[in-house]
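So the chains spell out like this:
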Amino acid sequence: MSENSGSVFEKIYEVVKKIPRGKVATYGQVALAAGNPRWARVVGYALHQNPDPTSIPCYRVVNRDGRVSDAFVFGGANIQVELLKADGVVFLDDRHVDLKNFRCELIP
């Protein structure tokens, strides 16, 4: 990354704030909307250091297959599942979100 990681993280946080309740986005979608499609891993790092989980709903970000994170920093995968279900997101199984119906479209 050529930019300072703080400004990159801020871009990522601004994108994540736009994911509406009842929807999810993938790490790749967030990376693209933040300005670089190669930042998917950076999105994970940024969300792991989320300074304000109340305002930055990092639990709404899942992998490209709709799977929740096993290492969700704010309480583990079970908490992420609970938060998403509370938002109204439906799961195909115990760890995979129904992306066909619950993925939001982020516009860069």
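Everything that follows concerns the structure shown earlier in this document.
Quick look at the structure, then. All values derive from a computational prediction rather than experimental measurement.

## What to know about the overall build of the chain
Phase 1: Across its full length, the chain carries five helices and two strands.
Phase 2: In terms of overall size, the chain behaves like a compact globule, its C-alpha atoms giving a radius of gyration of 13 Å where 108 residues would be expected to give roughly 13 Å.
Phase 3: Principal-axis analysis of the C-alpha atoms places the extent of the chain at approximately 40 × 25 × 20 Å.
Phase 4: Across the 108 residues that make up the chain, the buried fraction comes to 44%.
Phase 5: Sequence separation of at least 24 residues holds for 62% of the intrachain contacts in the chain that already meet a minimum separation of 6.
Phase 6: Working note: accessible area of the chain is about 6100 Å², and carbon and sulfur atoms make up 49% of it.
Phase 7: Of the side-chain charges in the chain, 14 are positive and 12 negative, and the distance between the mean point of each set is 4 Å.

## Observations concerning the layout of surface pockets
Phase 1: The computed volume of the largest pocket comes to approximately 290 Å³.
Phase 2: The class makeup of the residues in the lining of the largest pocket is nine nonpolar, four polar and one charged.

## Remarks on helix H4 (residues 77-87)
Phase 1: Among the residues of H4, Ala-77, Gln-80, Val-81, Leu-84 and Asp-87 are the ones counted as buried. The buried residues of H4 all sit within an arc of 120 degrees when viewed along its axis, so they share a single face. The exposed residues of H4 that point more than 90 degrees off its buried face are Glu-82, Lys-85 and Ala-86.
Phase 2: Residues of H4 that are buried in the fold lie against strand E2 (61-62).
Phase 3: Note on H4: the residue one or two positions beyond its end, Gly-88, has a positive phi of about 100 degrees.

## Brief notes about helix H2 (residues 27-34)
Phase 1: Buried within H2 are the following residues: Gln-29, Val-30, Ala-31, Ala-33 and Ala-34.
Phase 2: Gly-35 lies just past H2 and shows a positive phi near 125 degrees.

## Let's talk about the nonpolar core
Phase 1: Residues Ile-12, Val-30, Leu-84 and Val-97 are the most contacted members of the largest nonpolar core, which totals 35 residues.
Phase 2: At the level of elements, helix H1 (5-16), H2, helix H3 (40-48), E2, H4 and helix H5 (99-102) are the ones that each hand at least two residues to this core.
Phase 3: For this core, the leading source of residues is H1, giving six residues.

## Brief notes about the pattern of salt bridges
In a structure, side chains of opposite charge can pair up when their charged atoms sit close to one another.
Phase 1: Here the structure, examined in full by the defined rule, presents four salt bridges.
Phase 2: The partner of Arg-21 in a salt bridge is Asp-87, and the shortest N-O contact between them spans 3.2 Å. Of the two residues, Arg-21 sits in the loop between H1 and strand E1 (25-26) while Asp-87 sits in helix H4, which places them 66 residues apart along the sequence.
Phase 3: We classify Asp-87 as buried; its relative accessible area is 10%.
Phase 4: When the shortest N-O distance is used, the salt bridge between Asp-87 and Arg-60 registers 2.8 Å. Of this pair, Asp-87 sits in helix H4 while Arg-60 sits in the loop between H3 and E2, and the two are 27 residues apart along the sequence.

Criteria and cut-off values
Residues numbered from 1 in each chain as written. Predicted model: local features only at pLDDT ≥ 70, side-chain atom pairs only at ≥ 80, totals over all residues. Heavy atoms only, no water. Helix = DSSP H or I, 4+ residues; strand = E, 2+ residues; numbered from the N terminus. Rg over C-alpha atoms; globule rule 2.2 N^0.38 Å. Buried < 20%, exposed > 50% of the residue type's maximum accessible area, 1.4 Å probe, protein only. Contact = heavy atoms within 4.5 Å. Areas by Shrake-Rupley, 256 points an atom, 1.4 Å probe, with all protein chains shown as cover. Lys, Arg positive; Asp, Glu negative; His and termini not counted. Charge placed at Lys NZ, Arg CZ, Asp CG, Glu CD. 1 Å grid on protein atoms, 1.4 Å probe; cavity = no way out; pocket = protein on both sides within 12 Å on 5 of 7 lines; lining within 4 Å. Points joined across faces, edges and corners; volume = space filled by probe spheres on them. Nonpolar A, V, L, I, M, F, W, Y, C, P; charged D, E, K, R; others polar. Arc of directions from axis to C-beta. Core = buried A, V, L, I, M, F, W, Y, C linked by side-chain atoms within 4.5 Å. Salt bridge = Lys/Arg side-chain N within 4 Å of Asp/Glu carboxyl O.

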